[in-house]
Amino acid sequence: MTDGPLVCPSCSERHPPEERFCRRCNMPLVIDAVGEVPTEAARRARKIKPQYAEGALVRVVGASNQTEAEFIQGMLLEEGVPSTLRRTRGFDVPDMLAAGPRDIMVPASGHAAAREVLLQAELVGEEEPVTPPGQVLKFLLVALVIVALLAWGGTELLG
Ligand SMILES: [Zn+2]
């Protein structure tokens, strides 16, 4: 095993848990918790509130495309609501295409909280889940900034 939970603070070489000192420079090993790069999935999982993650998936709102859908997912996640996307029925296009409307699905226990978030963002009305085009444009601008930041952060983490 070349990888391990222990890391040398001097040369960054990883060691298995039974080692106490670095084989190369004899430094006492430390548990690599700070230096560990959390995966995107792990970071998301940390934000999710367990009470919002129970029950069957229900549709909370529709988005007109993948970008908008992902932006809404991001907003929901900030409030601890996990979500998943489904291609809206009747719009069968290949998966690699970002076009086509999406349904945003949340666990039943997170539905009320999700609606609350969307209401506050004025992305849904009280009754019909409608998305006013003007609002969407405004939010897409914000979304673009977020996406750019995420992309930048991703490059940073990879590099
Ligand atoms: Zn070392």
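The present account deals with the structure reproduced in this document. Within each chain, residues carry numbers counting from 1 in the order of the written sequence. Reporting of local features is limited, given that this is a predicted model, to residues whose pLDDT is at least 70; pairs of side-chain atoms are given and counted only at 80 or more, and all residues count toward the totals for whole chains, interfaces and linings. Side-chain calculation: all heavy atoms of the structure are included, whereas hydrogens and water are not.

For the purposes of this entry, the term helix denotes a DSSP run of H or I that reaches at least four residues, the term strand denotes a run of E that reaches at least two, and both are numbered from the N terminus. Each helix and strand counted, the protein chain has four helices and six strands in total. Along the chain direction, N to C, the helices and strands of the protein chain fall in the order β-β-β-α-β-α-β-β-α-α. The buried share of the protein chain, reckoned over its 159 residues, is 30%. Note on contacts: a residue pair is in contact if any heavy atoms of the two residues lie within 4.5 Å. The contacts in the protein chain between residues at least 6 apart in sequence include a share of 51% that link residues at least 24 apart. All accessible areas in this document rest on Shrake-Rupley with a 1.4 Å probe, and a residue is counted as covered only by the protein chains that are shown. Carbon and sulfur atoms make up 60% of the accessible area of the protein chain, which totals about 10,400 Å². Buried means the residue's accessible area, taken with a 1.4 Å probe over protein chains only, is under 20% of the maximum for its type, while exposed means over 50%, and partly exposed covers the values in between.

The coordination sphere of the zinc ion contains the protein donors Cys 8 (SG), Cys 11 (SG), Cys 22 (SG) and Cys 25 (SG), at a distance range of 2.1 to 2.3 Å. With water excluded from the atoms, a metal site may look incomplete; its donors are any N, O or S atoms within 2.8 Å, or within 3.2 Å for Na, K and Ca. Only two sets of limits are used to name each site, 85 to 135 degrees for every angle of a tetrahedral four-donor site, and over 155 degrees for opposite donors with all other angles from 65 to 115 for a square planar four-donor or octahedral six-donor site, with any other site named irregular. Around the zinc ion, the four donor atoms sit at angles spanning 104 to 121°, and that spread fits a shape best called tetrahedral.

By the burial criterion, the buried members of helix α3 (residues 111-120) are Ala 113, Ala 114, Arg 115, Val 117 and Leu 118. Residue Glu 122 follows α3 closely and has a positive phi angle near 60°.

Relative to the elements of secondary structure, Arg 102 occurs in strand β6 (residues 102-107). Side-chain polar atoms of Arg 102 contact the backbone oxygen of Gly 100, separated by 2.6 Å. Polar contact is the term for a pair of N or O atoms within 3.5 Å; when the atoms are in protein, one must be able to donate a hydrogen and the other to accept it, and sequence-neighboring residues count only if both atoms are side-chain atoms.

Moving on: the packing of helix α2 (residues 66-78) against α3. At a minimum axis separation of 10 Å, α2 and α3 run at an interaxial angle of 115°. The angle between the axes of α2 and α3 places the two elements in the roughly perpendicular class. In this structure, α2 meets α3 at a crossing whose hand is right-handed. Between α2 and α3, the contacting residues are Ile 72, Met 75 and Leu 76 on the first element and Ala 114, Val 117 and Leu 118 on the second. To get an axis, a line is fitted to the C-alpha atoms, and for a helix only the part in contact is used. The angle between two axes follows their N-to-C directions and goes from 0 to 180 degrees. Angles below 35 degrees are treated as roughly parallel, those above 145 as roughly antiparallel, those between 65 and 115 as roughly perpendicular, and all remaining angles as oblique. Should the near helix be turned anticlockwise from the far one by less than a right angle, the crossing is termed left-handed; should it be turned clockwise, right-handed.

On to unusual backbone geometry. For Ser 12, which is not glycine, the phi dihedral falls at a positive 70°. The residue Ser 12 is located in the loop between β1 (6-7) and β2 (14-15) in this model. Positioned with a positive phi, Asn 26 is a non-glycine residue whose angle comes to about 65°. Relative to the helices and strands, Asn 26 is located in the loop between β2 and β3 (30-31).

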